[in-house]
Structure formats: C-alpha cells, structure tokens
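Analysis of the macromolecular model
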Amino acid sequence: MPTDDQIRQMTSGPGFIAALDQSGGSTPGALSLYGVSEDRYASEEEMFDLVHEMRSRIVRSPAFTGDKVIGAILFEKTMERDFAGVPAAQYLWEKKGVVPFLKIDKGLDDEDNGVRLMKPNPDLDALLDRAVDHGIFGTKERSVINAASPSGIKAVVDQQFEVARRVLAKGLVPIVEPEVTITIEDKGDAERLLLETLHTYLDALPEGQKVILKLSLPSMPNFYAPLVVHDRVMRVVALSGGYMREEACKLLAQNTGMIASFSRALTEGLTADQDDDAFDRTLKEAIDAIYAASVAG
C-alpha cells in the first residue's frame, strides 16, 4: 500500500517515471531496438526472459535511482519476477528509492468512433489484489484517441475512470492514460475535448481521492496547466508518443509542471551488446536529459 514517503515523492519529488511495461504486443519491437532480433527466441517465454534481462539491467544500473527516476511502471510478468534476487517491486523501492507501478490493461480493442478502448479485463480485481501483495503503489491503464470525436473521447474517459475507481477502492493510485495519437490532423481539437472531459470526471471524484494523468505532449505549451493544479490530480506526466528523445524532451520542457513517463525515449541507444560501462553511460545520458526536461520551468 502507498506509504507517506511514496506519496510525497510522487506528488512533488523532482524527476520522472520510467515506463518499463512493454507487453506481449510491444515487446518484439522493444527487443529489436535493443539489438535482439526475433530469431533469438523461439517462444513467448523466451521472449519475456530476454526483455526481463533488459529491464533488470536498466534498474540495476547505478544510473537508475530515485534521485531522478521517482517511479517505474512494470509489466505484470515483471512484477512476478526478481531483480538481483529481490522481488521486483520491493527491489525498486527498498534498493533504489523508485516507486513501483503496474500496467493493468490487457491491450486495446479495435478502433470504433475514432478511439480504441481497453479490452475487457475480467480478472482485474484479482490482479489488483496481487499488486497490493507485491507492494505496488499504483497502476497504469492506456486507451488511444485517434480523432476529435466527442462521444468517442467521452467513452474513453468514462472507461478510464471506471477502472480508476476500482483501483482507488483497493488503496492504489491509478495512472489514467488517454493517449492522443500525435500524428492525427485534428490533434488540437482532440486535446481540447479531452481537457474538458477530464475536468468533468475529475470534479466528480470524492474529496481526498487523487489520480495521476498520463497524457500526450500537447500541441500548445502548457495546455494542460489547469490539470497540473487540479486538487484531484497527484501529478501530470507525459508520454513520448513516438517522438525521439531529443524532440520529446524539448517539447516536455515547454510544459511547466509536467514530468516525463517515457519508454522508447528512455531506452533509446541502449543495446544488448554494450559492455556495462557503455550501457551505464548511455542510460545516464538518457536519464539526465529526461530529468532536466521534467524539472524545467
């Protein structure tokens, strides 16, 4: 369950959240960027072993600490494994000072009405109970917005907050992630609709309950500033959304109060064949750049 120290760190600590939660669909791409081609594994189990080795190498690096990485999002299979012989979530908090989160969605349904909702998750309560047992602080659940559709965006936010209420009921802190695809032509209109809808649902949360919002970097700097100061929002974090690290950091630095929750932008440049010195140096450069962008302004 969340501790006072974890709540303080996630509310006001300087730094960013590392997204280490690639799931079955995104793992081959993550491994490919890491220099591990699909001919290196013959089964899903072998694939997850290899990506766990990558994640373990990241979190065990001396560059990866709570001084700059205040939180990390884990995949379910990672939560069930160890880092350096210590259960993953316990290792993150007790050894590194990094608050552990868990990805809980089961992927996306096909697009309908300009959006992709989360797939049904009938075992959610059991998963949340396991998260509590593992010492997880909060959760992350992702939907995707591909068009400025008022009814579609309402459906996304409604589903997100339905899940968030179940997460809050377990004593955990949900990261609500309604991602706006960065390449759509009506991105600005979609962001305006999303901001309005989020305000409505946040205002309806009971007093004392807070969520974290994970949003695409906005087209207009500080567009989400009203959410940063909303009393039902613990933190507003940004996903890189396909931007390379340099561009993502440049855009993030223009948004006061937003911090990063990057995945590909964090692991950019890391490869399996690097020796430990090169790996740690590359990771430190990434962490330093993302940290600087997260505390800018």
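Residues numbered from 1 in each chain as written. Predicted model: local features only at pLDDT ≥ 70, side-chain atom pairs only at ≥ 80, totals over all residues. Heavy atoms only, no water.

Before going further, it helps to examine the packing of aromatic side chains. This model, assessed by the stated rule, comprises five aromatic pairs. Where Phe101 meets Phe137, the ring centres are 5.4 Å apart and the plane angle is 70°; that geometry is what we call edge-to-face. Taken together, the residues span a long stretch of sequence, with Phe101 in strand 5 (residues 99-103) and Phe137 in the loop between helix 6 (124-133) and strand 7 (138-145) at a distance of 36 residues. A relative accessible area of 0% means that Phe101 is categorised as buried. Residue classification places Phe137 among the buried positions, given a relative accessible area of 0%. Positioned above the aromatic ring of Tyr291, the side-chain terminus of Lys68 is 5.3 Å from the ring centre. (Phe/Tyr/Trp six-rings, centres within 6.5 Å; stacked < 30°, edge-to-face > 60°. Helix = DSSP H or I, 4+ residues; strand = E, 2+ residues; numbered from the N terminus. Buried < 20%, exposed > 50% of the residue type's maximum accessible area, 1.4 Å probe, protein only. Lys NZ or Arg CZ within 6 Å of the ring centre and 35° of its normal.)

Here helix 12 (residues 276-295) is 20 residues long and its end C-alpha atoms lie 28 Å apart, about the 28 Å a rise of 1.5 Å per residue gives. Every buried residue of helix 12 is listed here: Ala278, Phe279, Thr282, Leu283, Ala286, Ile287, Ile290, Ala293 and Ser294. Taken down its axis, helix 12 places every buried residue within 160° of arc, on the same side. Opposite its buried face, helix 12 presents the exposed residues Asp277 and Glu285, each directed more than 90 degrees away. Lining the buried residues of helix 12 we find strand 1 (16-20), helix 3 (44-60), strand 2 (69-74), helix 10 (245-252), strand 11 (258-262) and helix 11 (264-267). The opening residue of helix 12, the one whose side-chain oxygen lies 3.2 Å from the backbone nitrogen of Asp277, is Asp275. (Expected span 1.5 Å × (residues − 1). Arc of directions from axis to C-beta. Contact = heavy atoms within 4.5 Å. Polar contact = N/O pair within 3.5 Å; in protein donor to acceptor, adjacent residues only side chain to side chain.)

Those residues of helix 10 lying buried are Arg245, Ala248, Cys249, Leu251 and Leu252. Down the axis of helix 10, the buried set is contained in an arc of 165°. They therefore lie on one face. Counted as exposed and oriented over 90 degrees from the buried face of helix 10: Glu246 and Lys250. On the buried face of helix 10, the contacting elements are strand 10 (233-239), strand 11, helix 11 and helix 12.

In this structure, Phe64, Leu194, Leu213 and Leu227 are the most contacted members of the largest nonpolar core, which totals 70 residues. Among residues more than four places away in sequence, those in contact with Leu227 are Leu195, Leu198, His199, Leu202, Leu213, Leu215, Val233 and Val236. Membership of the second largest hydrophobic core comes to 14 residues, among which are Met10, Val99, Val237 and Ile259. (Core = buried A, V, L, I, M, F, W, Y, C linked by side-chain atoms within 4.5 Å.)

Looking along a regular strand, one sees side chains alternate from face to face of the sheet. In terms of burial, strand 9 (residues 211-216) is largely enclosed, as six of its six residues are buried. Two elements, strand 8 (residues 173-180) and strand 9, share two bridges in a ladder whose sense is parallel. Across the sheet, the residue bridging to Ile175 is Ile212, located in strand 9. Crossover strand 8 to strand 9 through helix 8 (residues 187-203) is right-handed. (Pairing = 2+ DSSP bridges. Right-handed = clockwise from strand over helix to strand, strands pointing away.)

What follows deals with the pattern of salt bridges. Applying the stated criterion to the full structure yields 17 salt bridges. The residue Arg8 makes a salt bridge to Asp5 at a minimum N-O spacing of 2.2 Å. Of this pair, Arg8 and Asp5 both sit in helix 1 (residues 4-12), three residues apart, roughly one helical turn. Note on Asp5: relative accessible area 44%, which makes it partly exposed. Sharing partners across several salt bridges, the network here consists of Glu76, Glu80, Lys106 and Arg130. (Salt bridge = Lys/Arg side-chain N within 4 Å of Asp/Glu carboxyl O.)

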